[in-house]
Amino acid sequence: MFDPRRIDYLLSEAARSMEQNGEFSQEQELLVGVDLGTAYVVLVVLDPSGKPVACEMEASQVLRDGLVVDYMGAVETVKRLKGRIEDRLGVTLHRAAIAVPPGTAPADQKTHRYIVEACDMDVVCILEEPVAANAVLQIESGVIVDIGGGTTGLSVIRDGKVVFTADEATGGTHISLVLMGGRKVSFEQAEEMKKNSALQQEVLRAVLPVLQKMASIVQANIQGFEVDCVYLVGGTCCLPGIEEVFARELGIPTYKPQNPLLVTPLGIALGCAQQM
Ligand SMILES: Nc1ncnc2c1ncn2[C@@H]1O[C@H](COP(=O)(O)OP(=O)(O)OP(=O)(O)O)[C@@H](O)[C@H]1O
Ligand SMILES: [Mg+2]
């Protein structure tokens, strides 16, 4: 059942687990969610009770448009993140879950699997990304909007199941490009500006047309569906105020969890644990 307090608790535990170390005797029971994204690679580890106990992430360019473009780079990145967690927890990680965008061809799913297997983990489960996100949100109906680095993805949920998905170009990278042009800064500086709370209002004003474009992608794709609530996930939704833009543009109540960036990575491990 959708419960904002449970969601924020889980996400804050996941965020906290980026900092904490611990010793685990039952290493066989730990489960790693591996999220290979266009902007970030994120690993989240769950203990047998489903509690997040470690999280590591790195900015990355090993994927483009949801497809792996740098296989060796992806393997090295996952190995590095896995190694850091193993050092912190004093364990060896053996079992992983992964997720792919809806409609990913079997050959591309295999590439994801091989990357994780090359890091000495068994892939015990492959989920579709919106299914992973909904393992955290647990909504029965509505639309989950995932705005990552490259695209705005949306999934209409009915009776707890994904009934329609769409994914269109326009993501966090476009926001950074607009800031680069408007503020005459480098891409890296634009990425930092987005995360600087002192610049919140300025950034929101400058990128409003991009956020409106994202909302219009959702609007165009949910025609014909009864949607009573919009749920925002993905790193770009960390932007303060994006939820108000969506609510205003779509005329639909819009919910955003604390730390939307971690919803899918956490859900990959959680969704897999729920299936086992
Ligand atoms: N605090 C923040 N405020 C605004 N944007 C942020 C913040 N933190 C991260 N981002 C942006 O979120 C985006 C990455 O989000 P996410 O990790 O969900 O993407 P991804 O899964 O790697 O990409 P995709 O889903 O497109 O494959 C980047 O564009 C990054 O700049
Ligand atoms: Mg993503």
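Residues numbered from 1 in each chain as written. Chains lettered and ligands numbered in written order. Predicted model: local features only at pLDDT ≥ 70, side-chain atom pairs only at ≥ 80, totals over all residues. Heavy atoms only, no water.

**Q** Please give an account of the site of ligand 1 that cites residues and values.
**A** Taken together, 19 residues lie around ligand 1, and Thr38, Ala39, Glu191, Lys194 and Gly235 are the ones closest in. Separating an oxygen atom of ligand 1 from a side-chain N or O atom of lysine 194 is a distance of 2.8 Å. Here glycine 235 contributes a backbone N or O atom positioned 2.8 Å from an oxygen atom of ligand 1. If you list the elements that add at least two residues to the shell around ligand 1, you get α5 (172-183) and α6 (187-195). Looking at the shell around ligand 1 element by element, the count peaks at 3 residues for α6. Grouping the constituent residues of the shell around ligand 1 by class yields 5 nonpolar, 11 polar and 3 charged. A domain split of the shell around ligand 1 shows at least three residues from each of domain 1 (4-133 + 262-275) and domain 2 (138-260). (Near = heavy atom within 4 Å. Polar contact = N/O pair within 3.5 Å; in protein donor to acceptor, adjacent residues only side chain to side chain. Helix = DSSP H or I, 4+ residues; strand = E, 2+ residues; numbered from the N terminus. Nonpolar A, V, L, I, M, F, W, Y, C, P; charged D, E, K, R; others polar. Domains from an automatic or database assignment.)

**Q** Describe helix α8 (residues 242-250), naming the residues involved and giving the relevant values.
**A** Along α8, the residues that are buried comprise Ile242, Glu243, Val245, Phe246 and Leu250. Looking straight down α8, one finds that the buried residues subtend no more than 160° of arc, so they occupy a single side. Against β8 (142-147), α7 (200-221), β11 (230-233) and β12 (254-255) lie the buried residues of α8. Looking at the residues trailing α8, positive phi occurs at glycine 251, about 65°. (Buried < 20%, exposed > 50% of the residue type's maximum accessible area, 1.4 Å probe, protein only. Arc of directions from axis to C-beta. Contact = heavy atoms within 4.5 Å.)

**Q** Describe the nonpolar core, listing the residues and the values that go with them.
**A** Counting residues in each nonpolar core, the largest one holds 30 residues, and the members touching the most others are Val145, Leu211 and Phe246. Those elements that provide at least two residues to this core are β8, β9 (151-158), α5, α6, α7, β11 and α8. Sort the elements by how many residues they give to this core and α7 lands first, with 9 residues. Those residues within four positions of phenylalanine 246 in sequence are excluded, and the remaining contacts are Val145, Ile147, Leu211, Met214, Ala215, Val218, Val230, Leu232, Gly251 and Thr254. Listed in part, the 26 residues of the second largest apolar core include Ala54, Ala74, Leu89 and Val123. (Core = buried A, V, L, I, M, F, W, Y, C linked by side-chain atoms within 4.5 Å.)

**Q** Tell me about the sheet that holds strand β2 (residues 40-46), and please be specific about residues and values.
**A** Strand order across the open sheet formed by 5 strands is β3-β2-β1-β6-β7, with mixed pairing between neighbours. With partners counted over all chains shown, the strands left at the sheet margins are β3 (52-59) and β7 (122-128), one partner each. Sheet twist, expressed as the average angle between the axes of neighbouring strands with direction ignored, equals 20°. Strand contacts of helix α4 (residues 129-137): β1 (31-36), β6 (95-100) and β7, with the helix running at about 90° to β7, the strand carrying the most contacts. (Pairing = 2+ DSSP bridges. Axes fitted to C-alpha atoms, helices over the stretch in contact; angles between N-to-C directions.)

**Q** Break down the layout of surface pockets for me, citing the residues and quoting the values.
**A** Approximately 270 Å³ is the volume found for the second largest pocket. Val131, Asn134, Ala135, Gly160 and Gln274 are the residues nearest the centre of the second largest pocket, which is lined by 16 residues in total. No other element matches α4, which puts 4 residues into the lining of the second largest pocket. Looking at which domains feed residues into the lining of the second largest pocket, each of domain 1 (4-133 + 262-275) and domain 2 (138-260) supplies at least three. (1 Å grid on protein atoms, 1.4 Å probe; cavity = no way out; pocket = protein on both sides within 12 Å on 5 of 7 lines; lining within 4 Å. Points joined across faces, edges and corners; volume = space filled by probe spheres on them.)

Interpretation in functional terms is not warranted from these geometric data alone.
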